[in-house]
Amino acid sequence: MQVIILICNICPRNCRAERNISPGFCGVGESFRVARAAPHFWEEPPISGVNGSGTVFFSGCNLRCVFCQNHNISSGCFGKDVTPAQLMKIFDNLVSKGVHNLNLVTPSHFVPMLSKVLKEYHSPIPVVYNTSSYEKAETLRMLEGLVDIYLPDIKYFDDSPAVKYSSAPGYFKIAFEAVKEMYRQVGNLCVNGEGIAERGVLIRHMVLPGNISQAVSIFSRVLDEFGSDAYISIMRQYIPCGAAVKMPPIDRPLSSREYKIVTDKIFSLGFNNVFLQSKASSSEIFIPDFDLEGVDIF
Ligand code: SF4
């Protein structure tokens with residue numbers, strides 16, 4: 001019998017972990033692990049629509065930011081291991097609820113396995129790939145024709161916060177190459193007559209307190225590369241979580257003044273498709289319960 005071993009090099013961490021034996025930096029082995037699968041209503045309007053986005057939260061993470069609001073699943077790796085067949089049943093269950101899309105949240109460390117599942121599954125609704133953007137472009141090529149919508153959150157422009165908060169030197173260069181590959185595959189966001197996204201890229205950035213220059217640098221580069229019609233989302237939802245509660249200046253929420261400075265500067269760049277968040281979005285009530293809803297169904 002042929003034994004296939006995954007020696008994992010699929011993301012920029014390049015761990016070379018034998019994930020059938022022990023996990024690498026992302027913290028999970030070669031089986032899918034999922035913490036929650038349920039309709040979610042707090043993405044941007046073209047993603048959540050009225051029926052919700054069918055989020056599937058994968059456990060583990062290859063970036064593991066110190067401020068992660070989902071830290072019990074990202075670095076804690078809480079979740080349930082599921083087989084490819086069970087993952088397809090989880091997808092079916094979400095589709096039956098009438099959601100607008102299947103929203104795969106933090107799936108980067110499962111790309112080869114996911115590409116096999118998506119080839120077999122033939123999703124009847126758009127597939128969304130929701131990522132921290134710490135991706136190898138060559139790995140993303142495995143998803144060509146299988147993912148309809150990319151939601152890359154570009155987290156940092158400078159190396160200093162990338163190293164301090166995510167131990168990821170060279171983050172921006174890597175992430176931007178990944179976003180270029182996403183654009184090559186699906187182009188700019190296309191929204192149908194009902195205001196629901198069908199295909200394309202929507203670029204996010206969550207503004208961190210004390211780090212507002214990152215947003216302006218990131219979106220200036222986005223403008224140069226993708227033009228003023230690129231869809232962007234300037235997120236205000238930051239709340240200090242995990243280790244960040246003891247790490248000034250990210251030990252506090254973003255101030256209204258900081259968010260205004262960022263949004264004024266980015267509007268002055270001339271973007272035509274910009275999503276903003278209200279101050280109320282910076283609240284723990286928007287953090288989902290990771291209680292295996294939609295996963296513990298077998
Ligand atoms: S996916 Fe995980 S194991 Fe593979 S290289 Fe990245 S962090 Fe390491």
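Up top is the structure.
Student: Explain the pairing of strand 10 (residues 197-206) to me, please; I cannot follow it from the model alone.
Tutor: Put simply, side chains in a regular strand alternate between the two faces of the sheet. In terms of residue burial, strand 10 counts as a mostly covered element, since eight of its 10 residues are buried. Sheet analysis places strand 8 (residues 149-152) next to strand 10, joined by two bridges and oriented parallel. Pairing of Tyr150 across the sheet is with Val201, part of strand 10. Here two bridges tie strand 9 (residues 190-191) to strand 10, and the two strands are oriented antiparallel to one another. Across the sheet, the residue bridging to Val191 is Ala197, located in strand 10. Bridge count for strand 10 against strand 11 (residues 231-235) is five bridges, and the pairing is parallel. By the bridge assignment, His205 is partnered in strand 11 with Ile234.

Student: Looking at this structure, how should I read helix 8 (residues 213-226)?
Tutor: Spacing of three or four residues puts side chains on the same side of an α-helix, whose turn is 3.6 residues. When the terminal C-alpha atoms of helix 8 are compared, their 20 Å separation across 14 residues agrees well with the 20 Å that a helix rising 1.5 Å per residue should span. Those residues of helix 8 that sit buried are Gln214, Ala215, Ile218, Phe219, Val222 and Phe226. End-on, the buried residues of helix 8 take up no more than an arc of 110 degrees, which puts them together on one face. Buried positions along helix 8 lie against helix 6 (159-166), helix 7 (171-186), strand 10, strand 11 and helix 9 (256-269). Phi turns positive one or two residues past the end of helix 8, at Gly227, with a value near 85 degrees.

Student: What is the right way to look at the layout of surface pockets in this model?
Tutor: With a probe scaled to a water molecule rolled over the atoms, the places where space remains empty come into view. Here the largest pocket defines a volume of roughly 960 Å³. Taken together, 44 residues form the lining of the largest pocket, with Gln69, Asn70, Arg204, Met235 and Gln237 sitting closest to its centre. Those elements that place two or more of their residues in the lining of the largest pocket are strand 4 (53-58), helix 2 (71-74), strand 7 (127-131), strand 10, strand 11 and strand 12 (273-276). No other element matches strand 4, which puts three residues into the lining of the largest pocket. By residue class, the composition of the lining of the largest pocket is 20 nonpolar, 18 polar and six charged.

Student: Would you explain the pattern of salt bridges in this entry?
Tutor: Two side chains that carry opposite charge are able to pair once their charged atoms sit near each other. For the structure on display, the rule yields 14 salt bridges. Linking Arg221 and Glu225 is a salt bridge whose minimum nitrogen-to-oxygen distance equals 3.5 Å. You can see Arg221 and its partner Glu225 sitting in helix 8, four residues apart, about one turn around the helix. Given the relative accessible area of 28%, Arg221 is considered partly exposed. Looking at Glu225, the relative accessible area reads 35%, which means it is partly exposed.

Student: Got a minute to help me understand the site of the ligand in this structure?
Tutor: Around the ligand, a shell composed of Cys8, Ile10, Cys11, Arg13, Asn14, Cys15, Arg19, Gly24, Phe25, Cys26 and His109 is seen. Put simply, the ligand lies in the largest cavity. Among the residues forming the shell around the ligand, the class breakdown is six nonpolar, three polar and two charged.

Student: Explanation requested: empty space enclosed by the protein in the structure shown.
Tutor: The final tally for this structure, using the stated rule, is two cavities of 30 Å³ or more. Of the voids in this model, the largest cavity is the one considered here, and its volume is about 80 Å³. Taken together, Cys8, Asn9, Ile10, Cys11, Arg13, Asn14, Cys15, Ala17, Arg19, Gly24, Cys26 and His109 make up the full set of residues lining the largest cavity. The wall of the second largest cavity is formed by Lys155, Tyr156, Pro161, His205, Val207, Leu208, Asn211 and Gln214. Of the residues belonging to the lining of the second largest cavity, the class tally is four nonpolar, three polar and one charged.

Student: Would you mind going over the environment of Ala37 with me for this structure?
Tutor: Its place among the elements puts Ala37 in strand 3 (residues 32-40). In this structure Ala37 comes out as buried when scored by relative accessible area, which is 3%. Ala37 sits 22 residues away from Ser59 along the chain, and the two C-alpha atoms are 12 Å apart. Leaving out residues up to four positions away in the same chain, Ala37 has contacts with Thr55, Val56, Ile90, Leu94, Glu293, Gly294 and Val295.

Calculation criteria
Residues numbered from 1 in each chain as written. Predicted model: local features only at pLDDT ≥ 70, side-chain atom pairs only at ≥ 80, totals over all residues. Heavy atoms only, no water. Buried < 20%, exposed > 50% of the residue type's maximum accessible area, 1.4 Å probe, protein only. Helix = DSSP H or I, 4+ residues; strand = E, 2+ residues; numbered from the N terminus. Pairing = 2+ DSSP bridges. Expected span 1.5 Å × (residues − 1). Arc of directions from axis to C-beta. Contact = heavy atoms within 4.5 Å. 1 Å grid on protein atoms, 1.4 Å probe; cavity = no way out; pocket = protein on both sides within 12 Å on 5 of 7 lines; lining within 4 Å. Points joined across faces, edges and corners; volume = space filled by probe spheres on them. Nonpolar A, V, L, I, M, F, W, Y, C, P; charged D, E, K, R; others polar. Salt bridge = Lys/Arg side-chain N within 4 Å of Asp/Glu carboxyl O. Near = heavy atom within 4 Å. Sits in = over half its atoms within 2 Å of the grid points.

Geometric values such as these leave the question of function open.
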